[in-house]
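# Close look at the chain arrangement
As a plain string of letters, each chain reads:
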Amino acid sequence: MMIEKIQVFFKEVKLETKKVAFPSREELIGSTWVVLIFTVVLSMFLGIVDMGLSKLIQSMIK
């Protein structure tokens, strides 16, 4: 009974996987570049904000 359910599950997974539209190599590379650039820009922004807030807190403490 449990084994049958597991078999049905994997058959359904196989059918659903056939429906998936995987990106082309060019789309994948383009998306990867977007994520990398966004990550670098966001980390630089957060670093600048962090330094600014640190200096502000330090000036308030002194």
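The coordinates are above.
The structure contained in this document is the topic of the report that follows. (Residues numbered from 1 in each chain as written. Predicted model: local features only at pLDDT ≥ 70, side-chain atom pairs only at ≥ 80, totals over all residues. Heavy atoms only, no water.)

It is worth spelling out the overall build of the chain at this point. Helix and strand counts for the chain stand at two helices and zero strands. Taken over C-alpha atoms, the radius of gyration comes to 24 Å for the chain, far larger than the 11 Å a tight globule of 62 residues would show. Each of the three principal axes of the chain carries a C-alpha extent, and together these read 70 × 35 × 10 Å. Per-residue burial for the chain yields a buried fraction of 0% across its 62 residues. Averaging the positions of the 8 positive and the 6 negative side-chain charges in the chain gives two centres separated by 5 Å. (Helix = DSSP H or I, 4+ residues; strand = E, 2+ residues; numbered from the N terminus. Rg over C-alpha atoms; globule rule 2.2 N^0.38 Å. Buried < 20%, exposed > 50% of the residue type's maximum accessible area, 1.4 Å probe, protein only. Lys, Arg positive; Asp, Glu negative; His and termini not counted. Charge placed at Lys NZ, Arg CZ, Asp CG, Glu CD.)

Moving on, we get to the packing of aromatic side chains. Applying the stated criterion across every chain yields a total of one aromatic pair. Measuring from centroid to centroid gives 5.3 Å for Phe9 and Phe10, while their planes differ by 70 degrees, and the two rings are edge-to-face. (Phe/Tyr/Trp six-rings, centres within 6.5 Å; stacked < 30°, edge-to-face > 60°.)

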